[in-house]
Amino acid sequence: MSAVTLGSIRATFATAIGQAGYKAYSQPLGTVIPPGVVIVPAEPYLEANTLNSGGLIWQLNLTLIVVVAYLDNQAALLNLEDVVVKVCRNLPRGTVFDTVGQPTVEEVGPSSLLTCRIPVSIRANLTNPA
Amino acid sequence: MTTTIITGNDLTLTIDSEIYAPQVLNVELAVEDTQATYETLGGPAYKTTTQPFSISITMLSDWSTDGGICAALQGKALGEGSGQTSRAPDTAVAFTMVQVGATHSTTWVGDVFPKVPPGSGAGAEVSEISFELPGERGTLRVTTAVNA
């Protein structure tokens, strides 16, 4: 397990989602252009559960928020399902995920979005900050 | 005395010169004396004949990882491929456990026999495996010293 940074892990997820054909945001943003996936820290964000973790060997918990435009009920749901399946099939190896949350309509600014949340976790050996 | 708190973060585990702490969730080294009790006319008399020990490990499975503990132990316990080359289940490998406290550190050093770790998987759950490595009798050394 080579040492990485938290930012590079989120970037790895963003790249993998990008390879699925969707825009990914590796950090929470004020504006989201659907369809896309926003990567946000989950609660708890980090867990040290192996020996000698020392604050550097972590289980990293993230939530992938899948977002599509909510214009038509049926089309939006079909679109959301496509994004979810493609994203899940392209997650980096070693990613742990087992559930996809219920689709929910959310208002972000002037836009209505159909969203669902995918909790994921991955283990990482972090680089000691300089 | 004051309360001492020690966590797994204070512990490292090395087997056959490889540090496996990042993969191990918990480890327990136990010495279980074989002690005979003789009921003499003058009361009980005790004799410890042997002091076998073992290490119990619960870890995140790392089969299919180059340099992983699972493959390393399997290579020694069962050998590689149909020819079972390098099979040496009766040749113990060295281990070291170090627990670093506030002022002192305790080091356990000894030899354990390699065993094939279990392989498992359940749905989307992280594969955790537990197994025991029996110690080679007479090799265990425990020292507590002031931190360097």
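Residues numbered from 1 in each chain as written. Chains lettered and ligands numbered in written order. Predicted model: local features only at pLDDT ≥ 70, side-chain atom pairs only at ≥ 80, totals over all residues.

Student: Hey, could you go over the overall build of chain A for me, with residue numbers and the actual values?
Tutor: Along the backbone of chain A there are two helices and six strands. Relative to its length of 130 residues, chain A is compact, with a C-alpha radius of gyration of 15 Å against a globular reference of 14 Å. The dimensions of chain A, computed from C-alpha atoms along their principal axes, are 50 × 25 × 25 Å. In chain A, which comprises 130 residues, the proportion classed as buried is 27%. Taking the contacts inside chain A whose residues are at least 6 apart along the sequence as the reference set, 56% of them involve residues at least 24 apart. (Helix = DSSP H or I, 4+ residues; strand = E, 2+ residues; numbered from the N terminus. Rg over C-alpha atoms; globule rule 2.2 N^0.38 Å. Buried ≥ 20, exposed ≤ 12 C-beta atoms within 10 Å, placed from the backbone. Contact = placed C-beta atoms within 7 Å.)

Student: Please set out unusual backbone geometry residue by residue, giving values where relevant.
Tutor: Of note, the amide linkage connecting Pro-34 of chain A to Pro-35 of chain A takes the cis form, showing an omega dihedral of -5 degrees. Within the element layout of this structure, Pro-35 of chain A appears in the loop between β2 (23-25) and β3 (36-47). The omega torsion across Glu-43 of chain A and Pro-44 of chain A is -5 degrees, close enough to zero to call that bond cis. Positive phi, close to 50 degrees, is recorded for Asp-16 of chain B, a residue that is not glycine. Mapped onto the elements of the fold, Asp-16 of chain B is located in the loop between β1 (11-15) and β2 (18-19). Backbone geometry at Ser-17 of chain B places phi at a positive 75 degrees, although glycine is not the residue there.

Student: An account of the sheet that holds strand β10 (residues 141-146) of chain B is needed here, citing residue identities and associated values.
Tutor: All names here are of chain B. Across the sheet, which stays open at both edges, the five strands sit in the order β2-β1-β7-β8-β10 with antiparallel pairing between neighbours. This sheet does not close on itself; its edge strands, each paired only once, are β2 and β10. Of the strand pairs in this sheet, β1 and β2 are connected by two bridges, and their pairing is antiparallel. Residue pairing for β2: Ile-15 is matched across the bridge by Glu-18. (Pairing = 2+ DSSP bridges.)

Student: How would you sum up the interface of chain A and chain B? Please name residues and give values.
Tutor: Reports of interface size often rely on the accessible area that becomes lost once the parts have come together. Counting residues at the interface gives 13 residues for chain A and 14 residues for chain B. Looking at the side of chain A that touches chain B, its residues break down into six nonpolar, six polar and one charged. (Nonpolar A, V, L, I, M, F, W, Y, C, P; charged D, E, K, R; others polar.)

Student: Tell me about the environment of Leu-80 of chain A, and name the residues and values.
Tutor: Residue and element names in this part refer to chain A. Inspection of the secondary structure puts Leu-80 in helix α2 (residues 73-89). We classify Leu-80 as buried; it has 23 C-beta atoms within 10 Å. The sequence separation of Leu-80 and Val-68 amounts to twelve residues, and the corresponding C-alpha distance is 6.0 Å.

Student: Describe the nonpolar core, with residues and values.
Tutor: Within the largest apolar cluster, 27 residues are counted, with the highest numbers of intra-cluster contacts made by Val-37, Ile-39, Leu-64, Val-66, Val-67 and Val-68 of chain A. At the level of secondary structure, the elements contributing two or more residues to this core comprise α1 (6-19), β3, β4 (57-69), α2 and β6 (111-126) of chain A. No other element matches β4 of chain A, which puts nine residues into this core. The residues touching Leu-64 of chain A, leaving out its near neighbours within four places in the chain, are Val-37, Ile-39, Val-87, Ile-118 and Val-120 of chain A. Within the second largest apolar cluster, 20 residues are counted, among which are Leu-13, Ile-55, Trp-108 and Val-112 of chain B. (Core = buried A, V, L, I, M, F, W, Y, C linked by C-beta atoms within 7 Å.)

Student: Please set out the sheet that holds strand β9 (residues 128-134) of chain B residue by residue, giving values where relevant.
Tutor: Residue and element names in this part refer to chain B. One open sheet accounts for three strands, arranged β3-β6-β9; its pairing is antiparallel. Each edge of the open sheet carries a strand with a single partner, namely β3 (24-31) and β9. Taking the axes of each pair of neighbouring strands and ignoring which way they run, one obtains an average angle of 15 degrees across the sheet. (Axes fitted to C-alpha atoms, helices over the stretch in contact; angles between N-to-C directions.)

Student: Explain the pairing of strand β6 (residues 53-60) of chain B to me, using residue names and the numbers behind them.
Tutor: Residue and element names in this part refer to chain B. Only one face of β6 is buried: it carries Phe-53, Ile-55, Ile-57 and Met-59, and the other face, with Ser-54, Ser-56, Thr-58 and Leu-60, is open. Direction of pairing for β3 relative to β6: antiparallel, over a ladder of seven bridges. Bridging across to β6, Leu-29 finds its partner in Ile-55. Sheet topology note: the β6/β9 ladder contains seven bridges and is antiparallel. Each bridged residue has a counterpart across the sheet, and for Thr-58 the counterpart in β9 is Ser-130.

Student: Mind laying out helix α1 (residues 69-77) of chain B, listing which residues take part and the relevant values?
Tutor: Residue and element names in this part refer to chain B. For α1, the set of buried residues is Ile-69, Cys-70, Leu-73 and Lys-76. Down the axis of α1, the sector holding all buried residues measures 140 degrees, keeping them to one side. At its buried positions, α1 is contacted by β1, β6 and β7 (93-100). Backbone geometry just downstream of α1 places Gly-79 in the positive-phi region, at approximately 90 degrees. (Arc of directions from axis to C-beta.)

Student: Account for the confidence of the model for chain B, naming residues and giving values.
Tutor: Low pLDDT marks stretches whose predicted atomic positions should not be read closely. Residue and element names in this part refer to chain B. Across chain B, pLDDT averages 92, with 100% of residues at or above 70. The least confident element of chain B, judged by mean pLDDT, is β2 at 90; the most confident is β9 at 97. Reported for the predicted complex are a pTM of 0.85 and an ipTM of 0.78. (pLDDT = per-residue confidence, 0-100.)

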